[in-house]
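Architecture and fold: a report
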Amino acid sequence: MNRSAIAIHGGAGTILRTQMTPVLEKEYRGGLETALRIGWNILEKGGSSLDAVEAAVVSLEDFPLFNAGRGSVFTHDGEQEMDASIMDGRRLKAGCVAFVKNIKNPVHLARLVMERTEHVLLAGDGANQFAEQHHVETAPDEYFFTEHRWLQLQEAIAAGRVQLDHAGEDGDKRTGGEEESEPGSIASASSDNPKSKIQNPKSLGTVGAVACDQSGSLAAATSTGGMTNKKFGRVGDTAIIGAGTYADDTCAVSCTGHGEYFMLASTAHDVAARIKYKGLSLEDAARGAIERLTQINGEGGLIAVDSFGNVTLPFNSDGMYRGTIQQGGQIIVSIYR
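Taken residue by residue, a regular strand's side chains alternate between the two faces of the sheet. Judged by how many residues are buried, strand S11 (residues 319-325) sits mostly within the fold: seven of seven residues are covered. Of the two faces of S11, both are covered, the one formed by Gly319, Tyr321, Gly323 and Ile325 as well as the one formed by Met320, Arg322 and Thr324. With seven bridges joining them, strand S1 (residues 5-13) and S11 adopt antiparallel strand pairing. Directly across from Ile8, in S11, lies its bridge partner Gly323.

This part takes up the confidence of the model for the protein chain. Looking at the protein chain as a whole, its pLDDT mean stands at 85, while 80% of the residues score no less than 70. Confidence drops under a pLDDT of 50 for residues 169-204, and excluding neighbours within four residues, the segment shows 113 contacts in the predicted structure.

Compared with the 20 Å implied by 1.5 Å per residue over 14 residues, the 20 Å span of helix H2 (residues 49-62) between its first and last C-alpha is a close match. The element H2 is largely enclosed, with a buried count of 11 among its 14 residues. Burial in H2 covers these residues: Ser49, Leu50, Ala52, Val53, Glu54, Ala56, Val57, Val58, Ser59, Leu60 and Glu61.

Moving on, we come to the packing of aromatic side chains. What the rule picks out here adds up to four aromatic pairs. Each ring, one from Phe66 and one from Tyr321, has its centre 5.7 Å from the other, and the planes form 70°; the classification is edge-to-face. Of this pair, Phe66 sits in the loop between H2 and strand S2 (82-88) while Tyr321 is found in strand S11, placing the two residues 255 residues apart along the sequence. For the pair Phe66 and Tyr321, a shared accessibility class is recorded, and that class is buried. Three or more aromatic residues link up through ring pairs in this structure, and these residues are Tyr28, Phe63, Phe66 and Tyr321.

How each quantity is defined
- Residues numbered from 1 in each chain as written.
- Predicted model: local features only at pLDDT ≥ 70, side-chain atom pairs only at ≥ 80, totals over all residues.
- Heavy atoms only, no water.
- Buried < 20%, exposed > 50% of the residue type's maximum accessible area, 1.4 Å probe, protein only.
- Helix = DSSP H or I, 4+ residues; strand = E, 2+ residues; numbered from the N terminus.
- Pairing = 2+ DSSP bridges.
- pLDDT = per-residue confidence, 0-100.
- Contact = heavy atoms within 4.5 Å.
- Expected span 1.5 Å × (residues − 1).
- Phe/Tyr/Trp six-rings, centres within 6.5 Å; stacked < 30°, edge-to-face > 60°.

So, in structure tokens, the structure goes:
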């Protein structure tokens, strides 16, 4: 039985139809579909879930509308510090990097940490030194720069706040996210000019992927630029195994939202624990984890897949950029509640 399935996300938060132009929505949907196809092609050919999630996240890192890799948000000092993680559920191995700079695809570096070291997490200058030793591709500051991210920083500094890149003006928390089903056959994104057609800087976010391959093995990967105007080397849940990323033999999970709350609730691992110890289905476990997040005033969502190829994508915000391909190959890309 072919259990292959893949799901991706591009961030959760205040994402409203009224804030989206048709051109911009097409760009987002195209970026999501491209990443899905890349990961699915690996699975269809009998490739591993680990290779599929890495390739899908690389595609999202390269797409400048999402807050990861190219297009990451700026710190208070006007720099871009990126976090990423990847986990192989079959081997229960993981690799993470935190506040790395000028790394074109941080998820590549996270996988090298997993494969080439005895560690799980490398951070800052040490992680960049490790990248240099392994000839990881870098890019100059200009590659990562996008004008809308720079304007976000100026607004945040003027207001004296550290903000999620997907936060609304009032910072309200939303509840009750419902998944929509919108079959996608969207043209690939046109992203040659990262400054073009970008009119909605309040609703972009962390990227991630989860997958189940033909053998039932699971993997998850997540990548982010963090929070606009962040200081002091702040690290969120993306680089923390069990908080923003987790995979074992029951499920694979990637989270997006206000990272501090995902760390407090150990949200990614919480999904696996609910399956293991309470005997819940994937959907019930994932929704329970988001309900727990809501109880502590956390905002965001997650994507999850189990070893049978079931997929779920719950969230408690106004929207979440997301997409899936399961058995049969139908592409579903969704944005709003």
